[in-house]
Amino acid sequence: KNFQNKPTRKRFSALVQKYQTEVYQVAWRVIGDHSAAEDVVQEVFVKLLDNKDQEIRSDRSYLAWQAMDLARRELRSRNRRQKREEESTRQKMNQKTLSMCRAANYQAKPKFQFQEKK
């Protein structure tokens, strides 16, 4: 099906107008970020538009499911990215601390020194 013809284009436009708020709400509830939720809404409708071989599914549950799925993927991706960044920062801090210790010729000393009984 060609989405450039007017009836399909009108139908798609009406579909976006009808469901974009609900799709946004689903995405926002999962992600909790306005900008990311808007990106998910756009992705849901672009994905729907790119699916040219199938009839446009206009049911609410399908669109909500798509939004939920894409929002969860985005959230997992964010969490993985954050963990990588935290690990990278931790490694840099450890390297910097080690370099500073080497530069100062620091040797770890125990906090308490035990004296032998005579």
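What you are looking at is a predicted structure, and each value in this text was computed from that prediction instead of being measured. (Residues numbered from 1 in each chain as written. Predicted model: local features only at pLDDT ≥ 70, side-chain atom pairs only at ≥ 80, totals over all residues. Heavy atoms only, no water.)

(A) Focus on the overall build of the protein. When helices and strands are tallied, the protein shows 3 helices and 0 strands. Beginning at the N terminus, the succession of helices and strands in the protein can be written as α-α-α. Looking at the protein residue by residue over its 118 residues, the buried ones come to 21%. A sequence separation of at least 24 residues applies to 64% of the contacts in the protein between residues at least 6 apart. Split by element, the accessible area of the protein, about 10,000 Å² in all, is 49% carbon and sulfur. (Helix = DSSP H or I, 4+ residues; strand = E, 2+ residues; numbered from the N terminus. Buried < 20%, exposed > 50% of the residue type's maximum accessible area, 1.4 Å probe, protein only. Contact = heavy atoms within 4.5 Å. Areas by Shrake-Rupley, 256 points an atom, 1.4 Å probe, with all protein chains shown as cover.)

(B) Quick peek at the environment of W28. Note on placement: W28 falls in helix α1 (residues 6–31). For the pair W28 and M68, spaced 40 residues apart in the sequence, the C-alpha separation amounts to 9.4 Å. Residues within four places of W28 in sequence aside, it is in contact with D33, H34 and A37.

(C) Structural detail: the packing of aromatic side chains. Scanning all chains against the criterion turns up 2 aromatic pairs. Ring geometry for F12 and F45: centres 6.4 Å apart, planes at 85°, overall edge-to-face. Linking F12 in helix α1 with F45 in helix α2 (residues 34–50), this pair joins segments that are 33 residues apart in sequence. Comparing F12 with F45 shows no difference in burial state: the two are buried. (Phe/Tyr/Trp six-rings, centres within 6.5 Å; stacked < 30°, edge-to-face > 60°.)

(D) Representation of α2 in the model. When the terminal C-alpha atoms of α2 are compared, their 24 Å separation across 17 residues agrees well with the 24 Å that a helix rising 1.5 Å per residue should span. Turning to α2, its buried residues number three or more, namely A36, A37, V40, V41, V44, F45 and L48. N-cap assignment for α2: the residue whose side-chain oxygen lies 3.4 Å from the backbone N of S35 is D33. (Expected span 1.5 Å × (residues − 1). Polar contact = N/O pair within 3.5 Å; in protein donor to acceptor, adjacent residues only side chain to side chain.)

(E) Summary view of the pattern of salt bridges. This structure, assessed with the given rule, holds 4 salt bridges. When the shortest N-O distance is used, the salt bridge between R78 and D33 registers 3.3 Å. With R78 in helix α3 (residues 60–103) and D33 in the loop between α1 and α2, this residue pair connects regions lying 45 residues apart in the sequence. For D69, the salt bridge goes to R73, with nearest N and O atoms at 3.2 Å. One end of the pair, D69, and the other, R73, are both in helix α3, 4 residues apart, so they sit about a helical turn from each other. When its relative accessible area of 45% is taken as the criterion, R73 is described as partly exposed. The network of salt bridges with shared partners includes D33, E74 and R78. (Salt bridge = Lys/Arg side-chain N within 4 Å of Asp/Glu carboxyl O.)

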